[in-house]
Amino acid sequence: MNQLSLFDNDAQKNQPVKLGKTEVEYKDTSSILTKASGFMSEYDYTINPYSGCSFGCTYCYAAFFSRNKEKMDNWGYWVSVKQNALALLRKKRKKPMIGTKIYMSSVTDPYQPIDKKLELSRDILKELIDYHDVRLVIQTRAPLATRDIDLFLKFKTLQVNMTVTTDSEEVRKVFEPICPSNKVRIKAIKEIHESGVECCITMTPLLPIVDAEKFALTLKETGIKNFIIQPFHSTKGKFVAGTRNAALELIHKYGWDDRRYKDVLKIIVRQIPDIGKGKTGFAPI
Ligand code: SF4
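What you are looking at is a predicted structure, and each value in this text was computed from that prediction instead of being measured. (Residues numbered from 1 in each chain as written. Predicted model: local features only at pLDDT ≥ 70, side-chain atom pairs only at ≥ 80, totals over all residues.)

**Focus: helix 8 (residues 212–220)**
Step number 1: Ala212, Phe215, Ala216 and Leu219 are the residues of helix 8 that are buried. Across the axial projection of helix 8, the buried residues extend over an arc of 95 degrees, all falling on one side.
Step number 2: Summarising the contacts, the buried residues of helix 8 are in contact with strand 10 (198–206), strand 11 (226–231) and helix 10 (258–271). (Buried ≥ 20, exposed ≤ 12 C-beta atoms within 10 Å, placed from the backbone. Helix = DSSP H or I, 4+ residues; strand = E, 2+ residues; numbered from the N terminus. Arc of directions from axis to C-beta. Contact = placed C-beta atoms within 7 Å.)

Take a look at the structure:
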């Protein structure tokens, strides 16, 4: 049997091995449900349809879970498709996961570019709707999430989190060079919210901000009521890929230290008093 027949849609039969600058590989995984731990410990499981991530955020901690140093150094330029993900999930049908708290995804973006073609995340959602009554939080930086609004609306308990990190394209291009702009992310999450889906904007991490007041107002104007914020830690040297120097220079340029973060936070909190912070903010719905 062709392994790709485990997927549900025809697009996957034409499996790309390169998408833009991203190398795409297809591998079996031993498990699609990972016991949540650490920052996500209040969830039962995380689901990561992919390993690697073509968004390649320079600060991404997931890079440190790469299989080897070459993969870590090339973070953002490879993605591994968990080709048996759906088959593994289907094995759970005998014992449906009622009320299980799931976070999708912790070490990749479920709506990264390859998913437009493969629709693996969409297939996983369909499986969760049809056979399991889970409590799901979806975390993304991608407007592609709007594709699945029809499925989001079928869940009893679901929230879509969109990460919005800065009001500056200059900052975004340095820290998140291959991510969609924050402007399109805001537009996408507004669309999802207006369709009736529970949404949250996660400023995680909050990168240097030019105009905190205007930034907060823009977020508030989406109509969304849930927000989470977390500081950016630049001190641990945990940058990868080729933008490390540029990112550090920008941190310096904006004087983005704890004091500046706290000043910006005060301004944002004036507009959004009920903002969630850190791990508490990420608590399951
Ligand atoms: S989108 Fe998320 S998983 Fe992907 S590189 Fe950025 S922080 Fe990491």
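**A few points about the sheet that holds strand 11**
Step number 1: Within the open sheet, the 8 strands sit side by side as 3-4-7-8-9-10-11-12. Their pairing is mixed. The open sheet has two edge strands, strand 3 (33–35) and strand 12 (276–277), and neither has a second partner.
Step number 2: Across 2 bridges, the pairing between strand 4 (residues 45–47) and strand 7 (residues 101–104) is parallel. Across the sheet, Tyr45 pairs through a bridge with Ile102, a residue of strand 7. (Pairing = 2+ DSSP bridges.)

**Side note on the site of the ligand**
Step number 1: Surrounding the ligand, one finds Cys53, Phe55, Gly56, Cys57, Cys60, Ala62, Thr108, Asp109 and Arg141.
Step number 2: A per-class count over the shell around the ligand returns 5 nonpolar, 2 polar and 2 charged. (Near = placed C-beta within 6 Å. Nonpolar A, V, L, I, M, F, W, Y, C, P; charged D, E, K, R; others polar.)

**Some details on the sheet that holds strand 5 (residues 50–52)**
Step number 1: Strands sit in the order 1-2-6-5 across an open sheet of 4 strands; the sheet is mixed. With one partner strand each, in any of the chains shown, strand 1 (18–19) and strand 5 form the two edges of the open sheet.
Step number 2: In this structure, strand 1 lies alongside strand 2 (residues 22–27), joined through 2 bridges in antiparallel fashion. For Leu19, the partnering residue across the bridge sits in strand 2 and is Thr22.

**Remarks on the pairing of strand 2**
Step number 1: In textbook terms, the turn of a hairpin is the stretch between consecutive antiparallel strands, and for strand 1 and strand 2 this stretch comprises 2 residues, one of which, Gly20, has a positive phi near 60 degrees.
Step number 2: Here strand 2 pairs with strand 6 (residues 78–82) via 5 bridges, running parallel. Counterpart to Val24 in the pairing with strand 6 is Val79.

**What to know about the nonpolar core**
Step number 1: Among the nonpolar cores identified, the biggest contains 69 residues, and Leu136, Val160, Ile189, Ile192, Cys199 and Ile201 are the most heavily contacted of them.
Step number 2: Contacts of Ile189, omitting those with residues within four sequence positions, involve Val160, Met162, Cys199, Ile201, Thr222 and Ile224. (Core = buried A, V, L, I, M, F, W, Y, C linked by C-beta atoms within 7 Å.)

**Observations regarding the confidence of the model for the protein chain**
Step number 1: A residue-level look at the protein chain finds 90% of positions with pLDDT of 70 or above and a mean pLDDT of 89.
Step number 2: Contacts of residues 1–5 to residues separated by more than four positions or lying in other chains number 5 contacts, the stretch itself having pLDDT below 50.
Step number 3: pLDDT under 50 marks residues 237–243. Its contacts with residues more than four places away, or in other chains, come to 18 contacts. (pLDDT = per-residue confidence, 0-100.)

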